[in-house]
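If you want the building blocks of each chain, they are given just below.
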Amino acid sequence: MADVEALCNELQLHIKALQSGSELARRRATNTARRIIREIIDPEEEIEQHAIVLAEMAAIRMYIEWGFFDKIPDNGSISYAELAASINGDEALVRRFGQMLVATGKLKRPQPDHVAHSRLSPTFKSGNRDGDHFTMMCDEFQNAYQAFPGFFKKYGPHEPKGESEVPFCFPDGVDGKLTYWELILQRGQDNVERFGRAMQGLQTHAWPYTGIYDFSWVAEYAKENKDRPLILDIGGGYGQMIRAVLEETPAIPRNRCYLEDRAEVIESVTKQSVNDPVLKDVQKVVTNFHKEQPVKGALIYLIRRCIHDYTDDDCIKILKILADALPADEPRARILINDQINTEDPTPFVAAYDVLMMTCASLERSEKQFENLAKKAGLEVVKIHKKEGTSLGVVECKKAGAS
């Protein structure tokens, strides 16, 4: 029990630091608390916890589906009878799911047969990007996880390879026929838009947009160099990354920055950004980053949380395309890979996402693996930027041989 006592003492220190409002202390406290539980939980209890998590996920998913998190008032409560009536459903059914969420603290029960929001439950209201991420995990990836035994029985105990013979496509019977992205498209526009929103989730702590790489030098560069494209956000979705960079460093000229993605994404973001004070001036370009880069000679080619979607061979091709687009007359030009950095002893979250990426035949990479990719693509890693409290990093690359 000496280890447990030491962890408890450590937790006390983090709790004291947390009183000052330190976000890093909060994360340290939660991580230490989880370590304490791992030290003292009984193996039988551990199995119980897996059953609880699965049932809780199912209950949350149905309350999202029925819009109940939106119907629960911000202040006060609502009865199971009222929730059931709103969907013309059985009160007993609604109560059973609700009891699961009350039992785990996701909802409160202020009076009999009523539920109220907890500190955590507003996350699951419509429009919340973190809630969309949860729904994506349930609908897109749980089926793939459950299909692992059948997939590896068919393809053997080998790491998935290629674009279509992957666990993500296996449950739908389209492995070897569709890529994972083609399957997402096939599931309909609502699903595509939800996927896009989900990619904007978990950005405060897990995958922050800013605070890892300092873009302020780009603003200074722009004053002296009036024509060069400055920042290209490649595969940038709805522009959340380029927006954050431009809000953090407003002196960077917005009309010299670019947002690149697939046609359906660019069409959507162009419509949505007409009156957007930040994104309206950003250039939007339809791009397939597996093919020739249409905007050449830019100062920074930024690719965020895309490289982890692909195999090494695909990543090398993507990076070679970007390396070819780098300007020959500007040694300060960079390719920035903004992705999670895996380690020998990863955090549970990074390890979980490495398994998730396995469903698409990809992985979360280590520093060494990023260095190998860069070298094979004709690039050289200048520095790997990291920030305590997040597993996300920025792999800063230049063209090999550039001074």
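Shown above is the structure to which this text applies.
Our subject in this report is the structure included herewith. (Residues numbered from 1 in each chain as written. Predicted model: local features only at pLDDT ≥ 70, side-chain atom pairs only at ≥ 80, totals over all residues. Heavy atoms only, no water.)

Some points on the overall build of the protein
Now for step 1: Counting secondary structure elements, the protein contains 16 helices and 10 strands.
Now for step 2: The C-alpha radius of gyration of the protein comes to 23 Å, within 12% of the 22 Å expected for a compact globule of 403 residues.
Now for step 3: Viewed in the frame of its principal axes, the protein has a C-alpha envelope of about 70 × 55 × 50 Å.
Now for step 4: Sequence separation of at least 24 residues holds for 66% of the intrachain contacts in the protein that already meet a minimum separation of 6.
Now for step 5: Carbon and sulfur atoms form 51% of the exposed surface of the protein, whose accessible area is close to 20,400 Å².
Now for step 6: In the protein, 51 side chains carry a positive charge and 61 a negative one; their mean positions are 3 Å apart. (Helix = DSSP H or I, 4+ residues; strand = E, 2+ residues; numbered from the N terminus. Rg over C-alpha atoms; globule rule 2.2 N^0.38 Å. Contact = heavy atoms within 4.5 Å. Areas by Shrake-Rupley, 256 points an atom, 1.4 Å probe, with all protein chains shown as cover. Lys, Arg positive; Asp, Glu negative; His and termini not counted. Charge placed at Lys NZ, Arg CZ, Asp CG, Glu CD.)

Quick look at the sheet that holds strand S1 (residues 78-79)
Now for step 1: The strand order across the open sheet built from 3 strands is S1-S3-S2, with neighbouring strands paired in antiparallel fashion. At either margin of the open sheet sits one strand with a lone partner, and together these are S1 and strand S2 (107-108).
Now for step 2: Here 2 bridges tie S1 to strand S3 (residues 114-117), and the two strands are oriented antiparallel to one another. From the neighbouring strand, Ile-78 faces S3, where its bridge partner is Val-115. (Pairing = 2+ DSSP bridges.)

Looking at the pairing of strand S10 (residues 392-399)
Now for step 1: Taking burial as the measure, the 8 residues of S10 include 7 buried ones, the bulk of the element.
Now for step 2: Pairing of strand S8 (residues 334-340) with S10 involves 6 bridges; the strand directions are antiparallel. Directly across from Leu-336, in S10, lies its bridge partner Glu-396.
Now for step 3: Linking strand S9 (residues 379-386) to S10, which pair antiparallel, is a turn of 5 residues; within it Gly-389 sits at a positive phi near 100°. (Buried < 20%, exposed > 50% of the residue type's maximum accessible area, 1.4 Å probe, protein only.)

Topic: helix H14 (residues 312-325)
Now for step 1: Here H14 is 14 residues long and its end C-alpha atoms lie 20 Å apart, about the 20 Å a rise of 1.5 Å per residue gives.
Now for step 2: Considered for burial, the residues of H14 that qualify are Asp-314, Cys-315, Ile-316, Ile-318, Leu-319, Ile-321, Leu-322, Ala-323 and Ala-325.
Now for step 3: As for H14, its buried residues are in contact with strand S4 (231-234), strand S7 (300-304), S8, helix H16 (367-376), S9 and S10. (Expected span 1.5 Å × (residues − 1).)

Some thoughts on helix H3 (residues 43-65)
Now for step 1: For H3, built from 23 residues, the straight-helix expectation of 33 Å at 1.5 Å per residue is met to within 8% by its first-to-last C-alpha distance of 34 Å.
Now for step 2: Every buried residue belonging to H3 is among Glu-56, Met-57, Ala-59, Ile-60, Arg-61 and Tyr-63, and all of these are buried.
Now for step 3: Near the N-terminus of H3, the side chain that reaches the backbone nitrogen of Glu-44, with its oxygen 2.9 Å away, is that of Asp-42.
Now for step 4: Just downstream of H3, Gly-67 is the residue with a positive phi angle, here 70°. (Polar contact = N/O pair within 3.5 Å; in protein donor to acceptor, adjacent residues only side chain to side chain.)

A few points about the packing of aromatic side chains
Now for step 1: Enumeration over the complete set of coordinates arrives at 18 aromatic pairs.
Now for step 2: Between Phe-168 and Tyr-180, the aromatic rings sit 5.9 Å apart at their centres with planes inclined by 75°, giving edge-to-face as the arrangement. Of this pair, Phe-168 sits in the loop between helix H8 (148-155) and helix H9 (180-186) while Tyr-180 sits in helix H9; the two residues are 12 residues apart in sequence, bridging distant segments of the chain. Note on accessibility: Phe-168 and Tyr-180 belong to one class, buried.
Now for step 3: Plain terms: the ring middles of Phe-349 and Tyr-353 are 5.0 Å apart, the flat faces sit at 45° to each other, and that makes the pair tilted. One end of the pair, Phe-349, and the other, Tyr-353, are both in helix H15 (residues 348-358), 4 residues apart, so they sit about a helical turn from each other.
Now for step 4: Under the relative-accessibility criterion, Tyr-353 is labelled buried at 5%.
Now for step 5: Through a chain of ring-to-ring contacts, the aromatic side chains of Tyr-63, Trp-66, Phe-68, Phe-69, Phe-97, Phe-124 and Phe-134 assemble into a single cluster. (Phe/Tyr/Trp six-rings, centres within 6.5 Å; stacked < 30°, edge-to-face > 60°.)

Description of the nonpolar core
Nonpolar side chains in soluble globular proteins generally cluster together in the buried interior.
Now for step 1: Membership of the largest hydrophobic core comes to 85 residues, with the highest contact counts inside it found for Phe-215, Ile-231 and Ile-252.
Now for step 2: When sequence neighbours within four positions are dropped, the list of residues in contact with Ile-231 reads Phe-215, Val-218, Ile-242, Val-245, Ile-252, Arg-256, Cys-257, Tyr-258, Ile-300 and Leu-302.
Now for step 3: By size, the runner-up hydrophobic cluster in this structure holds 19 residues, among which are Trp-66, Phe-69, Leu-83 and Phe-134. (Core = buried A, V, L, I, M, F, W, Y, C linked by side-chain atoms within 4.5 Å.)

Here's the deal with the pattern of salt bridges
Now for step 1: Under the defined criterion, the tally for this structure stands at 26 salt bridges.
Now for step 2: Glu-23 serves as the salt-bridge partner of Arg-26, at 2.9 Å between the closest nitrogen and oxygen. In this pair, Arg-26 and Glu-23 are both assigned in helix H2 (residues 23-40), 3 residues apart and thus about one turn of the helix distant.
Now for step 3: By relative accessible area, which is 31% here, Glu-23 ends up partly exposed.
Now for step 4: Between Asp-113 and Arg-95 there is a salt bridge whose closest N-O contact spans 3.1 Å. Pair noted here: Asp-113 is in the loop between S2 and S3 and Arg-95 is in helix H6 (residues 91-103), with a separation of 18 residues, a long-range link. (Salt bridge = Lys/Arg side-chain N within 4 Å of Asp/Glu carboxyl O.)

Structural notes on the layout of surface pockets
Now for step 1: A volume near 1,100 Å³ is recorded for the second largest pocket.
Now for step 2: Lining the second largest pocket we find 48 residues, and of these Tyr-180, Trp-181, Phe-289, Asp-309 and Tyr-310 sit closest to its centre.
Now for step 3: Of all elements in the fold, only helix H7 (129-146), H9, helix H10 (189-198), S4, helix H12 (240-248), strand S5 (257-261), helix H13 (263-272) and H15 reach the threshold of two or more residues within the lining of the second largest pocket.
Now for step 4: Residues that form the lining of the second largest pocket fall into these classes: 23 nonpolar, 14 polar and 11 charged. (1 Å grid on protein atoms, 1.4 Å probe; cavity = no way out; pocket = protein on both sides within 12 Å on 5 of 7 lines; lining within 4 Å. Points joined across faces, edges and corners; volume = space filled by probe spheres on them. Nonpolar A, V, L, I, M, F, W, Y, C, P; charged D, E, K, R; others polar.)

Looking at a negative patch on the surface
Now for step 1: On the surface, a cluster of negative charge is made up of Asp-42, Glu-44, Glu-45 and Glu-48.
Now for step 2: Examined against the element boundaries, Glu-44 turns out to sit in helix H3. (Patch = residues over 30% accessible without salt bridge, like charges linked within 9 Å, V, L, I, M, F, W, Y side chains within 5 Å.)

Such coordinate-based values are descriptive only and should not be taken to indicate function.
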